[in-house]
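# Observations on the three-dimensional arrangement
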Amino acid sequence: MPAIETDPPASVTHRPRGLPMLPDALALRLEDCDTLPSLPSAVLRVLELSRCPEASTSDYAAAIEPDPALTLRVMALANSAFYSRQAGEVHQCQDAVGRLGTDATTAAALSFGLRDLEVPDRFWHRALTAATAARELARRLCPEAASRLFTAALLQDVGILALVALEGEAYASRLECLVQHPELAVAEREAYGCDHARVGAWLARDWGASLDLARLIADSHGPLTADDPQRLCLRLSGRVADAHLADDASLAFAKLGQLLERFGDLEGLPSLSLERLLGEVCDALPAMTELFALTGMPSLDRTQVLLEGKQRLFALTLHLCARLEDHHRQLDALREENDALDIKTRTDPLTGLANRGWLEHSIEQRLQAAERAGQGLALLFIDLDHFKALNDRHGHGVGDTALVNFATALRDLIREGDLAGRYGGEEFLVVLPDQGSDGARRVAARLLRLLEAQPMAEGQDETLYLSASIGIATLETGPFRSAMQMIDAADRQMYRAKRGGRGRVASLKPA
Ligand SMILES: Nc1nc2c(ncn2[C@@H]2O[C@H](COP(=O)(O)OP(=O)(O)OP(=O)(O)O)[C@@H](O)[C@H]2O)c(=O)[nH]1
């Protein structure tokens, strides 16, 4: 018999070494539960053998023979109609194992150990389908571990048996959604703080199974990654079983096929053809269901399932594309709406120039940027002269037209990168990045000349020209700790210009 390494027993039952912990409350309840499923020692020995690739049929027979009931079961199976098709009756345990094969012997031993449990057939359907799929996948990805993965996949859901024993009906009703395995695991995590994979690992250790087997069981849920082929086989096996048992098997397999294609492109992994896998699983399943005397296992017309699945998926993809396009359109419309709103919150409705809020925000930012970069910044505070008189004489409408025309002229006068805005009423600001007092004075003078030359509105019987008083503040006349300080400084110069007779420019001399 091959040497089977035995792991030291875990000192604290719910904290077995090398395994993820069980929540304390659940572990205590499991320890106190006297209806947990148990396995005869002969079955355990068979499980242990199943992880040794070099174990022979005589090793299996030696493990089984001490248990007469198990021996009878294995012999009866080997002599059943399904297995004795090509040959006569077997009379020895070793011959029976030889006929069944080591994997089927393992499954038979396990079914014998757990046969009295009240779990829906669906549980065993999933276990057997997963075990068969795990073995077929392993034959391609990690042949040396095929039997080991068969057993691990067969046992990956034993945590469900423990939870049934612990919770009875309360948990059994959850099993109705067993096909949606990921959802079942999520519900378990919410209810118990961990899923049945962890509970299964705990139970396997409680039976005395190897740490290696318990680890595989604990690891059976989780994302599919290509870095560990054994883990990938085990995790995929559950998904194959779920697709096989799904109400809509064709669509489930089509989605699985897409998933497998992803792994087909990965370096170092041989391609995983769903067609071949499904074929192998379908071929192997009848023998497996015979072992458990199971009925009701769905039999699939694999060609039909795969063909239909591809068509369904194609239709689904088209539908999803259409919905995606729809979403993009909605997103674009929302974005446009958002941009429009954004512009609205920044602009003065009458003139279309930047409004007061945006001016203050921009000056603050430009002030900081100029200081960081050691560049200049100049601000023109422009107040139109005697605007009240214009309104009073020609009416508010003509006043508005003059403001709009002035704004247009101002926008045309400045360069790209400068900013013009309406600060309020008949007050405007112009921000000139990287300009000193000389540059600012030149812009102000240009504006005054333009106002002299270009009328801004038509009165009842006269063409109306505007004049403006302009105050200048630049970083050379600072320092300014905030936008407001700089605006106030320019405003004060504007008042100086007013007091000096209007229609002129005032600024402090640079220090
Ligand atoms: N038409 C029009 N007038 C406005 C608007 N906003 C402010 N005003 C007017 O602008 C005038 C500003 O008057 P004042 O602050 O006395 O200044 P002013 O008449 O220009 O005199 P000085 O600034 O001292 O040269 C007021 O009559 C406001 O009603 C606007 O949106 N449209």
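The structure presented is a predicted model; accordingly, all values stated were derived computationally and were not measured.

### Side note on the pattern of salt bridges
A full pass over the atoms with the stated rule returns 22 salt bridges. With a shortest N-O distance of 2.8 Å, Asp-242 and Arg-126 are connected by a salt bridge. On the criterion of sequence distance, the pair formed by Asp-242 in helix 14 (residues 229–245) and Arg-126 in helix 7 (residues 121–141) is long-range, its members being 116 residues apart. The exposure class of Asp-242 is buried, given its relative accessible area of 11%. Residue classification places Arg-126 among the buried residues on the basis of a relative accessible area of 3%. Note that Asp-212 and Arg-148 form a salt bridge whose closest N and O atoms lie 2.4 Å from each other.

### Brief notes about helix 21 (residues 437–453)
In this model, helix 21 (17 residues) spans 24 Å end to end at C-alpha, consistent with the 24 Å of a helix rising 1.5 Å per residue. Every buried residue of helix 21 is accounted for by Ser-437, Gly-439, Ala-440, Val-443, Ala-444, Leu-447, Leu-448, Leu-450 and Leu-451. Elements that come into contact with the buried residues of helix 21 comprise strand 1 (377–384), helix 20 (396–413), strand 3 (427–433), strand 6 (468–474) and strand 7 (505–507).

### Comments concerning the sheet that holds strand 7
Read from one edge of the open sheet, five strands run 2-3-1-6-7, paired in mixed fashion. Whereas interior strands pair on both sides, the edge strands pair on one side only; in this sheet they are strand 2 (419–424) and strand 7. Strand-to-strand, the axes of this sheet are offset by a mean angle of 20°, without reference to chain direction. Here strand 2 runs beside strand 3; their pairing, made up of five bridges, is antiparallel. From the neighbouring strand, Arg-422 faces strand 3, where its bridge partner is Phe-428. Running at roughly 170° to strand 6, helix 21 makes contact with strand 1, strand 3, strand 6 and strand 7 of the sheet.

### What about the site of the ligand?
The environment of the ligand is made up of 17 residues, and the closest members are His-386, Phe-387, Asp-400, Arg-422 and Lys-498. Within the backbone of Leu-384, a nitrogen or oxygen atom sits 3.1 Å from an oxygen atom of the ligand. Between Asn-391 and the ligand, the recorded distance is 2.9 Å, taken from a side-chain N or O atom to a nitrogen atom. Contact with the protein chains removes 68% of the 670 Å² of surface that the ligand exposes when unbound.

### Quick word on the confidence of the model for the protein chain
Chain-level statistics for the protein chain give a pLDDT mean of 85 and a share of 91% at 70 or above. The low-confidence segment residues 3–14, where pLDDT is below 50, has 24 contacts with residues more than four positions distant or belonging to other chains. The complex model carries a pTM of 0.57, and its ipTM stands at 0.95.

### Some remarks on the packing of aromatic side chains
Summed over all chains, the structure comprises four aromatic pairs. Centroid distance Phe-381 to Tyr-423: 5.8 Å. Interplanar angle 75°. Geometry classified as edge-to-face. In this pair, Phe-381 is assigned in strand 1 and Tyr-423 in strand 2, connecting sequence segments 42 residues apart. Under the relative-accessibility criterion, Phe-381 is labelled buried at 1%. With relative accessibility at 6%, the residue Tyr-423 sits in the buried group. In this arrangement the basic side chain of Arg-346 is found over the ring face of Trp-358, its NZ or CZ atom lying 4.6 Å from the centre.

### Some thoughts on empty space enclosed by the protein
Under the criterion given, the structure shown has one cavity of 30 Å³ or more. Its volume calculated, the largest cavity comes out at about 40 Å³. Around the largest cavity, the lining residues are Leu-47, Glu-48, Ser-50, Arg-51, Arg-148, Thr-151, Ser-210, Asp-212, Leu-213 and Leu-216. For the lining of the largest cavity, the secondary-structure elements that each account for two or more residues are helix 2 (41–49), helix 8 (146–155) and helix 13 (211–218). Here the lining of the largest cavity takes three residues from helix 13, the largest share from any one element. Two domains each provide a minimum of three residues to the lining of the largest cavity, namely domain 1 (40–113) and domain 2 (122–300).

### Things to note about the environment of Val-430
Secondary-structure assignment places Val-430 in strand 3. With twelve residues separating them along the chain, Val-430 and Asp-418 place their C-alpha atoms 7.2 Å apart.

About the criteria used
Starting afresh in each chain, residues are numbered from 1 along the sequence in its written order. For this predicted model, a pLDDT threshold of at least 70 governs which residues receive local features, and a threshold of 80 or more governs which side-chain atom pairs are given and counted, while totals over whole chains, interfaces and linings are taken from all residues. Note that water and hydrogens are dropped before the side-chain values are worked out from all heavy atoms of the structure. Put simply, a salt bridge is a Lys or Arg side-chain nitrogen that is within 4 Å of an Asp or Glu carboxyl oxygen. The secondary structure listing takes helices from DSSP runs of H or I that are at least 4 residues long and strands from runs of E that are at least 2 residues long, numbered from the N terminus. Here's how the labels work: a residue is buried when its accessible area is under 20% of the maximum for its type, exposed when over 50%, partly exposed in between, all with a 1.4 Å probe on protein chains only. One fewer than the residue count of a helix, multiplied by 1.5 Å, yields its expected span. Between two residues, a contact is recorded if the distance between any of their heavy atoms is within 4.5 Å. Strand pairing follows a simple DSSP-based rule, namely that at least 2 bridges must link the two strands. To obtain each axis, a line is fitted to C-alpha atoms, and for helices this fit is confined to the stretch in contact; angles are then taken between N-to-C directions over 0 to 180 degrees. Here a residue is considered near a molecule or strand provided that any single heavy atom belonging to it is located within 4 Å of it. Between N or O atoms, a polar contact is any pair within 3.5 Å; within protein, one atom must be a potential hydrogen donor and the other a potential acceptor, and residues adjacent in sequence are included only when both atoms are from side chains. Accessible areas in this description were obtained via Shrake-Rupley with a 1.4 Å probe; residue shielding takes into account the shown protein chains only. Each residue carries a pLDDT score, the predictor's confidence in it, ranging from 0 to 100. Classification of ring pairs uses Phe, Tyr and Trp, with its six-membered ring standing for Trp, and accepts pairs whose centres are within 6.5 Å; under 30 degrees between planes counts as stacked, over 60 as edge-to-face, and the remaining range as tilted. Comment: the charge-over-ring label is applied if NZ (Lys) or CZ (Arg) is within 6 Å of the ring centre and within 35 degrees of the ring normal. Points on a 1 Å grid over protein atoms alone make up a cavity when a 1.4 Å probe fits among them but cannot get out, and a pocket when they form an open set with protein on both sides within 12 Å along at least five of seven lines; lining residues each have an atom within 4 Å of a point. Grid points are joined across faces, edges and corners, and a volume is the space filled by probe spheres set on the points. All the domain ranges listed were derived from an automatic or database domain assignment.

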